[in-house]
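What follows is the residue order along each chain.
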Amino acid sequence: MRRTVKIHDIINESDTVRTFVFHYSLEAAPGQFIMLTDFAGGEKPFSLSDSDTTTFSVTIKKIGSFTSRLFRKKIGDFLSFRGPFGTCFTEKRGKVLLVGGGYGTPPLYFLAKRLISTGAQIIVVNGARAESDLLFCNRFEKLNLEYQNITQSGCLGKEGTSVDLAQEVLNDHEIDFVYAAGPELMMSELKKLLESKPYEFLLERYMKCAIGICGNCTVDPIGIRLCVEGPVLSNKIIEQLTEFGKYHRDASGKKVVF
Ligand SMILES: Cc1cc2nc3c(=O)[nH]c(=O)nc-3n(C[C@H](O)[C@H](O)[C@H](O)COP(=O)(O)OP(=O)(O)OC[C@H]3O[C@@H](n4cnc5c(N)ncnc54)[C@H](O)[C@@H]3O)c2cc1C
Ligand code: FES
């Protein structure tokens with residue numbers, strides 16, 4: 001079902017990233033996404049960066065024509081969405097590590113809030129190329145968890161990648177479960193560290209229908225549809241994916257190497 005909602009608030013996270021907040025009670029779980037449209041052409045998937053009984057939000061990076069149009073919207077303008085769609089992160093107890101990179105990090109904030117209510121012991125590592133790409137630092141710092149930043153330039157937090165920081169955490173702590181969202185190459189490097197440790201990663205593929213019909217988001221070789229059987233996938237599924245960390249497909253289905 002499509003619903004049309006007024007933009008309740010717009011938060012500037014950086015020059016190229018904004019959070020759009022809507023007053024709407026969406027029964028959604030961390031990792032799920034919506035298909036958003038401004039009625040001017042096309043519909044695109046965005047992960048929920050937060051959701052509770054009264055409000056939900058998406059955090060969007062301005063990349064091309066669709067997201068540039070969204071950036072011209074003002075508080076009080078209307079957008080329309082379908083969803084929530086897809087699988088969610090499973091909420092574990094014990095000691096968990098959340099690894100975020102760039103604009104992939106915001107859905108992990110939604111997850112962290114849920115995990116706090118399950119009583120999990122949470123460590124978050126958040127990495128980006130530059131300070132301006134490091135999202136939600138202030139929000140994470142207000143939560144009751146262990147949080148560290150890392151940037152490739154070292155301008156904020158340590159110098160390196162979120163995978164470097166994840167390695168340090170894995171060396172120093174007995175981690176029961178790992179969650180990650182961010183660039184696929186980051187997650188593919190992270191996977192190498194995890195060996196037999198269970199994990200869930202949030203993947204992105206080009207999506208059109210989001211309801212399992214068009215087949216545009218299928219992943220080789222097992223053909224799972226990422227909009228239905230994903231976007232959150234367990235280690236058991238990811239270990240079967242030959243395209244993970246290697247390529248994805250564009251709107252026409254052509255392979256694009258990462
Ligand atoms: C499950 C999922 C969750 C996502 N969550 C977020 C999010 O929280 N924040 C965010 O900023 N972006 C998110 N994206 C990516 C977002 O959909 C694209 O950045 C957006 O569609 C770009 O549109 P554009 O017209 O501005 O750019 P374009 O110039 O059209 O595209 C730029 C790039 O965005 C990607 N893209 C474009 N259209 C789609 C599509 N229909 N499906 C998937 N990827 C596409 C492609 O990699 C493309 O190369 C998510 C994608 C998926 C699949
Ligand atoms: S986007 Fe159509 S099957 Fe997934």
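Not measured: the values here are computed from a predicted model.

## Quick look at the site of ligand 1
No. 1: Neighbouring residues of ligand 1: 20 residues in total, closest K44, S47, G64, F66 and T67.
No. 2: Taken together, the residues of the shell around ligand 1 break down into 11 nonpolar, five polar and four charged.

## Regarding the sheet that holds strand β3 (residues 33-37)
No. 1: Taken in spatial order, the six strands close into a barrel running β1-β2-β5-β4-β3-β6, and their pairing is antiparallel. Shown here is a sheet whose adjacent strand axes are inclined to one another by a mean of 45°, direction ignored.
No. 2: Contacts from helix α2 (residues 106-118) reach β4 (44-51) and β5 (55-61) within the one sheet, and its direction differs from that of β4 by about 35°.

## A short note on the pairing of strand β1 (residues 2-12)
No. 1: Direction of pairing for β1 relative to strand β6 (residues 78-85): antiparallel, over a ladder of five bridges. Among the inter-strand pairings, K6 is bridged to a residue of β6, identified as F78.
No. 2: Relative to strand β2 (residues 17-23), β1 runs antiparallel, the two sharing five bridges. The partner of I10 across the bridge, within β2, is F20.

## Some details on the environment of T59
No. 1: When you line up the elements, T59 lands in strand β5.
No. 2: Owing to 25 C-beta atoms within 10 Å, T59 belongs among the buried residues under this scheme.
No. 3: In this structure, the C-alpha to C-alpha distance between T59 and T19, residues 40 residues apart in sequence, is 4.1 Å.
No. 4: Other than its neighbours up to four places away in sequence, T59 contacts E13, V17, T19, S49, Y103, P106 and L135.

## Here's the deal with the nonpolar core
No. 1: Core analysis: the biggest nonpolar cluster contains 66 residues, and L98, A112, Y179 and A180 have the highest contact counts within it.
No. 2: No other element matches the six residues that α2 contributes to this core.
No. 3: For A180, the contacting residues outside a window of four places in its chain are V99, M187, L190, Y199 and F201.

## Quick notes on α2
No. 1: The end-to-end C-alpha separation of α2 is 19 Å, in line with the 18 Å expected for 13 residues at 1.5 Å each.
No. 2: Taken as a whole, α2 has its buried residues at P106, P107, L108, Y109, F110, L111, A112 and L115.
No. 3: Among the residues trailing α2, G119 stands out with phi positive, at a value near 90°.

## Quick word on the domain arrangement of the protein chain
No. 1: Splitting the protein chain by domain gives domain 1 (2-85), domain 2 (89-202) and domain 3 (203-258).
No. 2: Measuring from the centre of the C-alpha atoms in domain 1 to the corresponding centre in domain 3 gives 22 Å.
No. 3: Domain 1 puts seven residues into the contact, and the matching count from domain 3 is five residues.
No. 4: At the level of elements, β3 and β6 are the ones that each hand at least two residues to the side of domain 1 that touches domain 3.

## Observations concerning helix α5 (residues 184-194)
No. 1: Turning to α5, its buried residues are E184, M186, M187, L190 and K191. Down the axis of α5, the sector holding all buried residues measures 145°, keeping them to one side.
No. 2: Against the buried residues of α5 lie β7 (95-101), α4 (162-172), β11 (177-181), β12 (199-202) and α6 (235-238).
No. 3: Where α5 terminates, the next one or two residues include E195, which has phi positive at roughly 45°.

How each quantity is defined
- Going along each chain's sequence as written, the residues are numbered from 1 onward.
- Note on labels: chains are lettered from A, ligands numbered from 1, in written order.
- In view of the model being predicted, local features appear only for residues whose pLDDT reaches at least 70, and side-chain atom pairs are presented and counted only at 80 or more, with totals across whole chains, interfaces and linings using the full set of residues.
- A molecule or strand has a residue near it when that residue's C-beta atom, placed from backbone coordinates, lies within 6 Å of it.
- Residues are grouped as follows: nonpolar covers Ala, Val, Leu, Ile, Met, Phe, Trp, Tyr, Cys and Pro; charged covers Asp, Glu, Lys and Arg; every other residue, Gly included, is treated as polar.
- Pairs of strands are assigned from DSSP output, requiring at least two bridges between the strands.
- Counting from the N terminus, the helices are the DSSP runs of H or I reaching at least four residues and the strands are the DSSP runs of E reaching at least two.
- Orientation is described by lines fitted to C-alpha atoms, with helices fitted over the stretch in contact, and by angles between N-to-C directions that extend from 0 to 180 degrees.
- Note on contacts: each residue gets a C-beta atom placed from the backbone, and two residues are in contact if those atoms are within 7 Å.
- Residues with at least 20 neighbouring C-beta atoms inside 10 Å of their own are called buried, those with 12 or fewer are called exposed, and the rest are partly exposed, where every C-beta is derived from the backbone.
- Nonpolar cores are built from buried Ala, Val, Leu, Ile, Met, Phe, Trp, Tyr and Cys residues. These are joined into a set through C-beta atoms within 7 Å.
- A helix is expected to span 1.5 Å multiplied by its residue count minus one.
- Domain start and stop points were drawn from an automatic or database domain assignment.
- Arc definition: it is the arc formed by the directions from the helix axis to the C-beta atoms.

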